[in-house]
Amino acid sequence: MLYAVIDTNVLVSALLSDKEDTATVQVVKEVIKGNIKPIYSYEIVNEYRNVLNRRKFNFSKDKINLLLDAIYYFGILFEPEPFSFSLPDIKDLPFYAVVVQTQDKKSFLVTGNLKHFPTEPFIVTPRQLINILNENSVKLNQQYLI
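Residues numbered from 1 in each chain as written. Predicted model: local features only at pLDDT ≥ 70, side-chain atom pairs only at ≥ 80, totals over all residues. Heavy atoms only, no water.

**Things to note about the nonpolar core**
No. 1: In terms of nonpolar packing, the biggest core is built from 44 residues, with Val5, Ile6, Ile36, Tyr48, Leu52 and Leu129 touching the most fellow members.
No. 2: In this view, leucine 52 contacts Val12, Leu15, Phe59, Ile64, Leu67 and Leu68; residues no more than four positions away in its chain are not counted. (Core = buried A, V, L, I, M, F, W, Y, C linked by side-chain atoms within 4.5 Å. Buried < 20%, exposed > 50% of the residue type's maximum accessible area, 1.4 Å probe, protein only. Contact = heavy atoms within 4.5 Å.)

Written out as structure tokens, the structure is:
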């Protein structure tokens, strides 16, 4: 299992996609399967709700509620300590604060906007996160075969 702080753009992309094999859709599926455990704060969930309810996306209330319910149910609420860091987009600070303060869980920040964050091995794209999950699965399976 991997722990991940999921950037809002990943959820938007997953809901916009009509292809089951896109990395963002796979991230959401792995959350529901229990292979990715989302870590969120109240501030992050408020952003999810505000962005996903924007008219331009036209997502159904049921779809939004189902996604947020999955994050609540399968995820971990974490309220970070006050945190100051300079990022290109200050709205990304809540995501960065949570991932930095949950490194004891070896958490990842999964985002479609790598340029908005410092270069760190724990900041990954949705495809990279799925690849890490798959690599961990293979290693685990090999361990049991020995």
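Here the narrative resumes.
**Observations regarding unusual backbone geometry**
No. 1: At asparagine 58, a residue that is not glycine, the phi angle is positive and equals roughly 55°.
No. 2: Under the relative-accessibility criterion, asparagine 58 is labelled exposed at 68%.
No. 3: A positive phi angle, near 55°, is found at lysine 106, a position not held by glycine.
No. 4: Within the fold, lysine 106 resides in the loop between α5 (93-101) and β4 (108-110).
No. 5: Classification of lysine 106 as exposed rests on a relative accessible area of 64%. (Helix = DSSP H or I, 4+ residues; strand = E, 2+ residues; numbered from the N terminus.)

**Details of the packing of helix α3 (residues 42-52) against helix α4 (residues 61-74)**
No. 1: Packing of α3 against α4 brings their axes to within 11 Å, and their N-to-C directions diverge by 165°. Comparing their axes, α4 and α3 come out roughly antiparallel. When the axes of α3 and α4 are compared, the crossing they make is right-handed. Residues Val45, Tyr48, Arg49 and Leu52 of α3 pack against Ile64, Asn65, Leu67, Leu68, Ile71 and Tyr72 of α4. (Axes fitted to C-alpha atoms, helices over the stretch in contact; angles between N-to-C directions. Parallel < 35°, antiparallel > 145°, perpendicular 65-115°, else oblique. Left-handed = near helix turned anticlockwise from the far one by under 90°.)

**A word on the sheet that holds strand β3 (residues 76-77)**
No. 1: Judged by pairing direction, the sheet is parallel, and its 5 strands sit side by side in the order β3-β2-β1-β4-β5 without closing on themselves. Bordering the open sheet on either side are β3 and β5 (123-124), each of which pairs with just one other strand.
No. 2: Here strand β1 (residues 2-6) runs beside β4; their pairing, made up of 3 bridges, is parallel. Paired with isoleucine 6 across the strands is valine 110, a residue of β4.
No. 3: Lying over the sheet, α5 contacts β1, β2 (36-40), β4 and β5, oriented at roughly 160° with respect to β1. (Pairing = 2+ DSSP bridges.)

**A look at helix α2 (residues 23-33)**
No. 1: Along α2, the residues classified as buried are Ala23, Thr24, Val25, Val27, Val28, Glu30 and Val31.
No. 2: The positive-phi residue at the C-terminal boundary of α2 is glycine 34, with phi of around 90°.

**Observations concerning the pairing of β2**
No. 1: Of all 5 residues in β2, 4 are buried, a share of seventy percent or more.
No. 2: Note: β1 against β2, 3 bridges, orientation parallel. Across the sheet, residue alanine 4 finds its bridge partner in β2, namely proline 38.
No. 3: Inspection of the sheet shows β2 paired to β3 by 2 bridges, in the parallel sense. Across the sheet, residue tyrosine 40 finds its bridge partner in β3, namely leucine 77.

**Concerning the pattern of salt bridges**
No. 1: One pass over the full model with this rule turns up 2 salt bridges.
No. 2: Across the pair lysine 29 and glutamate 20 runs a salt bridge whose closest N-O atoms are separated by 2.6 Å.
No. 3: Ionic pairing is found between glutamate 30 and lysine 33, a salt bridge with its closest N-O pair at 3.4 Å. Placement of both glutamate 30 and lysine 33 in helix α2 is noted, with a separation of 3 residues, approximately one turn of the helix. (Salt bridge = Lys/Arg side-chain N within 4 Å of Asp/Glu carboxyl O.)

Coordinates in, geometry out; function isn't part of it.
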